[in-house]
Amino acid sequence: MKTMKTWPLLLLAAMLFIAGCSKKDTKLPVSAEKMEAIVSPLINKDGTEIGKVTMSEDEKGVTISITAEGLPPGLHGVHIHETGVCTPPTFESAGGHFNPTKKEHGFDNPKGFHLGDLPNVEVGEDGKVEAQVTTADLTLKPGAEMSLLDKDGSALVIHEGQDDYKTDPAGNSGARIACAEINKK
Ligand code: ZN
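Residues numbered from 1 in each chain as written. Predicted model: local features only at pLDDT ≥ 70, side-chain atom pairs only at ≥ 80, totals over all residues. Heavy atoms only, no water.

Asker: Teacher, can you tell me more about the coordination of the zinc ion here?
Answerer: Under perfect tetrahedral coordination by four donors, a metal shows angles of 109.5 degrees; under perfect octahedral coordination by six donors, it shows angles of 90 or 180 degrees. Only His97 (ND1), His105 (ND1), His114 (ND1) and Asp117 (OD) from the protein reach the zinc ion as donors, at distances of 1.9 to 2.1 Å. The coordination sphere of the zinc ion comprises four donor atoms, whose angles at the metal cover 98 to 121 degrees; the geometry is tetrahedral. One chain supplies every donor for the zinc ion, spaced along it as H-x7-H-x8-H-x2-D. Taken individually, histidine 114 and aspartate 117 each receive the classification buried, so the pair is uniform in this respect. (Donors = N, O, S within 2.8 Å, 3.2 Å for Na, K, Ca; no water. Tetrahedral: all angles 85-135°; square planar, octahedral: opposite > 155°, others 65-115°. Buried < 20%, exposed > 50% of the residue type's maximum accessible area, 1.4 Å probe, protein only.)

Asker: Honestly, the state of the cysteines in this entry has me stumped. Any pointers?
Answerer: One way to say it: the disulfide is the covalent bond shared by the sulfur atoms of two cysteines. In the structure shown here, the tally under the stated rule is one disulfide. Across the disulfide, cysteine 86 is cross-linked to cysteine 179 (sulfur-sulfur distance 2.0 Å). Where cysteine 86 bonds to cysteine 179 through sulfur, the torsion about that S-S bond is close to -65 degrees, and the disulfide is left-handed. Taken as a pair, cysteine 86 in the loop between β4 (74-81) and β5 (117-123) and cysteine 179 in strand β8 (residues 176-182) lie far apart in primary sequence, 93 residues in all. On the basis of relative accessible area, cysteine 86 is assigned to the buried category, the value being 8%. (Disulfide = S-S within 2.5 Å. Helix = DSSP H or I, 4+ residues; strand = E, 2+ residues; numbered from the N terminus.)

Asker: Please clarify how a negative patch on the surface should be interpreted in this entry.
Answerer: Negative charge collects at one region of the surface, where Glu69, Glu122, Glu125 and Asp126 lie side by side. Tracing the backbone through its elements, the reader meets glutamate 69 in the loop between β3 (61-68) and β4. A relative accessible area of 38% means that glutamate 69 is categorised as partly exposed. (Patch = residues over 30% accessible without salt bridge, like charges linked within 9 Å, V, L, I, M, F, W, Y side chains within 5 Å. Areas by Shrake-Rupley, 256 points an atom, 1.4 Å probe, with all protein chains shown as cover. Salt bridge = Lys/Arg side-chain N within 4 Å of Asp/Glu carboxyl O. Lys, Arg positive; Asp, Glu negative; His and termini not counted. Charge placed at Lys NZ, Arg CZ, Asp CG, Glu CD.)

Asker: Mind showing me how you'd approach the sheet that holds strand β2 (residues 49-58) here?
Answerer: Sheets are built from strands that pair by backbone hydrogen bonding, the pairs being arranged parallel or antiparallel. Read from one edge of the open sheet, eight strands run β5-β4-β7-β8-β1-β2-β3-β6, paired in antiparallel fashion. Of all strands in the sheet, those bounded by a partner on one side alone are β5 and β6 (129-135). Shown here is a sheet whose adjacent strand axes are inclined to one another by a mean of 20 degrees, direction ignored. Here strand β1 (residues 38-44) runs beside β2; their pairing, made up of six bridges, is antiparallel. Considered in β2, the bridge of isoleucine 38 is made with methionine 55. (Pairing = 2+ DSSP bridges. Axes fitted to C-alpha atoms, helices over the stretch in contact; angles between N-to-C directions.)

If you want it as structure tokens, here you go:
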């Protein structure tokens, strides 16, 4: 299962690499600029891999895809945290929310929001979730101020409860129940 999910992305990356090397670069500006997708394992509080987080970037911004199973049904807060270290069971190692613009938490907070704030995801009764969001506020370009791939990387964290989108610093979303490290390869 691991191999099957990873291969198409590797293949895509290889194709983009070949396109990037082509002498026809000028005719393929979009393909040549596309960056390799980053695929990170998502782990739960036991340290067990329960899914994947994929990040890719194009002219519209960074697209974050989450595929996981074995989570409690219902709405859960999801945020990008500032440090790319997921140490179970608390995941406190991931630090606070990714917040280079020094705002408060929450889309509905007048002093908000953190660039790492993301919409809640809904886990089905079967414990599975598949969610995708694209944000123009983030980048994967190393060195950029809004980059998720800064020196210490970043982490995607799923919380126990739902984010109320207004309470600083984490939307009253409770404990951290799953985490994926987002780091340079
Ligand atoms: Zn936040």
